[in-house]
Amino acid sequence: MTVDGNQPSLGATMRGVVLPGGDRTETRMFPVPKPATGQVLVKVKASGICGSDLKFIYHQHTGTGGSKYQGVIAGHEPAGEIVAVGPGCGHWKVGDRVVVYHISGCGQCSECRKGFYIGCTDERRKAYGWQRDGGHADYLLAEASTLLALPESLTYIDGAMVACGVATAYQGLSRAEVSGRDRVLVVGLGPVGLATAMLASASGAEVYGIDTVAARVALAQELGARPGIGPSATALSDLKRLTDGAGVEVAIDCSGSAAGRYFCLDAAATWGRVVFLGEGGTVSFEPSPMLIRKQLTLYGSWVGSVESMAKTLAFLDRLQLHPEAMVTHRFSLGEVDAAYQTFAAGSTGKVVLTMD
Ligand SMILES: [Zn+2]
Ligand SMILES: [Zn+2]
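Each residue is numbered by its place in its chain's sequence as written, counting from 1. For naming, the first written chain is A and the first written ligand is 1, with later ones following in the order written. Only residues with pLDDT of 70 or above have their local features reported here, since the model is predicted, and side-chain atom pairs are shown and tallied only from 80 upward, although totals for entire chains, interfaces and linings are computed over all residues.

(A) Up close: the sheet that holds strand β12 (residues 206–210). Read across the sheet, five strands follow the order β12-β11-β13-β14-β15 without closing on themselves; strand pairing throughout is parallel. Each having just a single partner strand, β12 and β15 (297–300) make up the two edges of the open sheet. Looking at each pair of strands side by side, their axes are set apart by 15° on average, direction ignored. Examined bridge by bridge, strand β11 (residues 183–187) and β12 share five bridges and lie parallel to one another. Bridging from a neighbouring strand, Val-186 pairs with Gly-209 of β12. Sheet contacts for helix α4 (residues 191–202): β11, β12 and β13 (248–253); angle to β12, the most-contacted strand, approximately 165°. DSSP-based pairing: two strands are paired if at least 2 bridges between them are found. Elements are defined by DSSP. Helices are runs of H or I of four residues or more, strands are runs of E of two residues or more, and each kind is numbered from the N terminus. Only the contacting stretch of a helix is used when fitting its axis, a line to C-alpha atoms as for every element, and angles between N-to-C directions run 0 to 180 degrees. Here, residue contact means that the backbone-derived C-beta atoms of the two residues sit within 7 Å.

(B) α4, seen in detail. By definition here, a helix of n residues has an expected span of 1.5 Å times n minus one. The terminal C-alpha atoms of α4, which comprises 12 residues, lie 16 Å apart, in line with the 16 Å expected from a rise of 1.5 Å per residue. Counting buried positions over the 12 residues of α4 gives 11, a clear majority of the element. To sort residues by burial, count the other C-beta atoms lying within 10 Å of each one's C-beta; a count of 20 or more means buried, 12 or fewer means exposed, and anything in between means partly exposed. C-beta atoms are built from the backbone. Residues Pro-191, Val-192, Gly-193, Leu-194, Ala-195, Thr-196, Ala-197, Met-198, Leu-199, Ala-200 and Ser-201 constitute the buried set of α4. Gly-204 occupies a position one or two residues after α4 and carries a positive phi of about 95°.

(C) Main features of the pairing of strand β3 (residues 26–31). Counting buried positions along β3 gives zero out of six residues, so the element sits mostly on the surface. Relative to β3, strand β2 (residues 13–18) runs antiparallel, the two being bridged by six bridges. Looking across to β3, one finds that Gly-16 is bridged to Arg-28.

Remember that the coordinates give geometry; whether it matters functionally is a separate question.
The following block contains the structure:
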């Protein structure tokens, strides 16, 4: 094992946050783990809080399958610096700045071979912060197979944003092949929606964003969305007016709501592409007028791959974009309870824990 001066001594302890349910956080002391073969120890620098943490863990433990929480240290959006390296970790070395893809897969199934550890159904699949210890801690034991290099131009908070939401947005835009030729509607401007608006705008697209929270619409406009539509009865006609009566080439739902999904299908132009990124809920619509006769292509897109996360980081680096701009609230690890309460109140942008 390779170690450096930042590596904690043998027997050292660290803080880690578990989420027992009932809107509570619990900070406990844990032994600092030692990396085995194929693993590294990461000094966590930033750890994002995700809507899925609230939905499946913080309020109550309602998840099943991959979102079933097993009482581990929470947090699946970590970025940090490698402080110890186990054997067999290839080029990774102490001092490397890294983002951690949020799931370790079996490495052998077809989804793992594609880098879509998210889609691994093997019992060895473990998500950080759900079935194995995650990033709400001073240190994180990570599989080398889940590491991505964080470019120098990006901050650790940028990296934490990429670890889940920004890469999800990038993958959704990739599925619809969004380019500067497109007008793009983003419905639901939580963190994934804001990232979608930012990346679509940076790709040269004309972007419109809609949300029931005015502060989120304002933030989307700071990140590149255009003004013009609000969550009102005239939203569809406003959007049609702004798009020459045609509607948008691409509509992306990040709300997960029935109304949001329906609005996307309604707002898409003939031959348009619609992407459902937001999870949960239902939708009901008449296929003939809403999909078939409009010649629409409808994509479901779930998170992304290790490869698409690497492309996301490269894109941000090349365009000098900082998803940290979506962060409205920063808390230290010791303030984790306030961080969760603030995010759960529902009108923030992204909320992140920092460990320095
Ligand atoms: Zn997440
Ligand atoms: Zn697998």
